[in-house]
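# Understanding the architecture of this molecule
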Amino acid sequence: MKSIWLIARREFASVFRSPQGYIIAALYLGLVGLDYNLRVLGGGEKFSADILKGFFQELSGFTMFVSVFISMGLIAKERENGTIPLLLTSPVKDYQIVTGKFLGAFLFLALLTLATVYMPMLVLVNGKVAWGHVFAGYLGTILLGASVLGIGTFGSSLTKSQIVAVFITLGIGVPMVLFWMLGRTVDRPLNEIFSYLALHNLHFSAFRDGQIHLRDIVFYFSVVVFFLFSATRTLESRRWR
Amino acid sequence: MIIAKDLIKNYGELRAIDGVNFEIAEGECIGLLGLNGAGKSTLLRILSCLLMPTSGKVTVGSQDVTHSPEFVRARIGYLPEDPPLYGEMKVGKLLDFVARLRGVPATDVGGRVQHAVERCQLTEVIDQQIETLSYGYRKRVGIAQAIVHDPPLLILDEPIAGLDPAQIVEMREMIRSMRGEHTLVLSSHILGEISQTCDRILVMHQGKIIGAGTEEELSLSLAKDQRLQVRLRASADQVKQVLDGRAAVTEWKIAAQDEGVITVKINTSEDVRAELSRAFVQADLDLLALGRVHDRLETAFLKLTGDSTEAAS
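No experiment lies behind these values; they were computed from the predicted model shown. Residue positions are given per chain, counted from 1 along the sequence in the order it is written. The lettering of chains begins at A and the numbering of ligands begins at 1, in the order of writing. Note on the predicted model: pLDDT of at least 70 is required for a residue's local features to be given, and 80 or more for side-chain atom pairs to be given and counted; whole-chain, interface and lining totals, by contrast, use all residues. The basis for every side-chain value is the complete set of heavy atoms in the structure, and neither hydrogens nor water enter the calculation.

## Considering the sheet that holds strand 9 (residues 200-205) of chain B
All names here are of chain B. Strands qualify as paired when DSSP identifies two bridges or more between them. Here a helix means four or more residues in a row that DSSP labels H or I, a strand means two or more in a row labelled E, and each is numbered from the N terminus. The mixed open sheet is built from 6 strands, whose spatial order is 6-7-8-3-9-10. Whereas interior strands pair on both sides, the edge strands pair on one side only; in this sheet they are strand 6 (76-79) and strand 10 (208-213). Each adjacent strand pair in this sheet contributes to an overall mean axis angle of 15 degrees, direction not counted. By the bridge criterion, 5 bridges tie strand 9 to strand 10 in an arrangement that is antiparallel. Of the residues in strand 10, the one forming a bridge with V203 is G211. Running at roughly 165 degrees to strand 6, helix 5 (residues 135-147) makes contact with strand 6 and strand 7 (153-157) of the sheet. Here the axes come from fitting lines to C-alpha atoms, over the contacting stretch only for helices, and the angles between their N-to-C directions go from 0 to 180 degrees. Any pair of residues with heavy atoms lying within 4.5 Å of one another is described as a contacting pair.

As structure tokens, then:
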């Protein structure tokens, strides 16, 4: 656990030592703010709950997108820069390296996401805010983002090019988001399987509406574990090539 | 300290390490010598658990690198040809991170970092960002990260590659100063560097170890004929009378003649130094010097790699 935390802390701190982290943060916060003003708050009077639903729906899209770019360099950049031997020759297990890197990226993502909390609070100017709804919305958004980070960590472990890592992550993530559409076009039991595997639709909608279901938490947690396990196996297999 | 048995490493169809066997004792300083692509870096990566062998066995400190990689990794310091450093970090912070990652107790981290910084003469750049350092300094930081946890085994892949002459001298001194504290395994394709720094040399070519020993041992083991050089106060005819007809003398020639002193180079099929000394003295010649001529390491290396290539083809 100590090694995981050490690696996570270094990863988190490295974001603030490079312009890349600030650019990602500025674009994310700028676009979320602009979108909130134009799309969520625009279009006449709305109930507070509807504003929150709209906000989390939009926020989830931006968060998935930014997660792809936060995760692209996690392992690929280490290989590109030749720094990976520093970790791979240290007395730590490969899963500790992968988990530490993921955790560092997750902390940055959580910080970014929570930096938007002033937006739902603006609803207080003209209405009331259900704090449970806000909590559920952020929990869902962060879990969704973590899932994409997990996919991104796996994508990043497959290549030493960050650009290629982005395409691999999108290649896995986009179909997983669109599984809900596939679920509508096929018969049982495939429709249920695809609907369940859809990254966003079924599992995020409850969080967006202010509800927390254990099954959705388990789903996102499983996605993270599955892809971190795959990234670990990829890292291990490289030692044998 | 290190035992390798029948070690093989394949990269797909390519055999990078081909049935290598060697032993390295604790405290030794071993040089891996070979041309580019000989398999030196692959072998060092296997020793540092960065790569796993395709077959065969390597033990470091009695533990198998395949079965107990964490145990082995805790006992090695590894510097690849390009130092693996996070450019955005400061020197001191990086060493602190590496020390903790490699299991140095929190109470000892400060002391270990300080020791590595002093050892590698990094005091003046300890608060400097690594990406702003010269290549020479980055190599030093690379050494510092390899020794910060005080590993018994230090593995340095081409430690002087890319350095200017002044930096090479500094690096050589730094490596020499570490002998005795660590078992050292370093690679280079520069013959002089290896012979000046190491106790013993393993010569690699096409994934195999084709020679092992000290520089002198390697030179001697290569000599099909023994070469002697003799200085005498004599004439060419007197030398001819002594040498001609001796079965062990395969070839001889006068290399120099100056004011009655003659220098003769003799090739022999066996060690006949004692016999020749007696013969020259019995012939009433003044024997001024008689000794064996060693091939220089360069010659030995070229012979080894040349012979090996011929054998392969």
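## Quick word on the packing of aromatic side chains
Whether two aromatic rings pair depends on their centres lying within 6.5 Å, for rings of Phe, Tyr and Trp, where Trp uses its six-membered ring; planes under 30 degrees apart make the pair stacked, over 60 edge-to-face, and the rest tilted. Counted under the stated rule, the structure contains 16 aromatic pairs over all chains. Plain terms: the ring middles of B:Y86 and B:F97 are 6.4 Å apart, the flat faces sit at 65 degrees to each other, and that makes the pair edge-to-face. Placement of B:Y86 in the loop between strand 6 and helix 3 (91-101) and of B:F97 in helix 3 is noted, with a sequence separation of 11 residues between them. B:Y86 sits in the buried class, given a relative accessible area of 5%. An aromatic cluster of three or more residues is present, and its members are A:F12, A:F16, A:Y22 and A:F108. It is A:R10 that lies over the ring of B:Y86; its NZ or CZ is 3.5 Å from the centre. Taking the ring centre of B:F71 as reference, the NZ or CZ of B:R75 above it sits at 3.5 Å. Exposure classes here rest on a 1.4 Å probe applied to the protein chains alone. A residue is buried below 20% of its type maximum, exposed above 50%, and partly exposed in between. For a Lys NZ or an Arg CZ to count as sitting over a ring, it must be within 6 Å of the ring centre and within 35 degrees of the ring normal.

## Observations regarding the interface of chain B and chain A
Each side of the interface is counted separately: chain B has 28 residues, and chain A has 22 residues. Carbon and sulfur atoms supply 64% of the area buried between chain B and chain A, which totals about 2,500 Å² over both sides. By the criterion of area lost to chain A, the three top residues of chain B are B:R73, B:Y86 and B:L101, representing 27% of everything that side buries. One speaks of a salt bridge when a side-chain nitrogen belonging to Lys or Arg is within 4 Å of a carboxyl oxygen belonging to Asp or Glu. At the junction of chain B and chain A, the tally comes to 2 salt bridges. A salt bridge links B:E70 to A:K93, with the shortest nitrogen-to-oxygen separation between them at 3.4 Å. Buried area counts how much accessible surface, traced with a 1.4 Å probe, disappears from two parts once they are put together, with both parts' losses summed.

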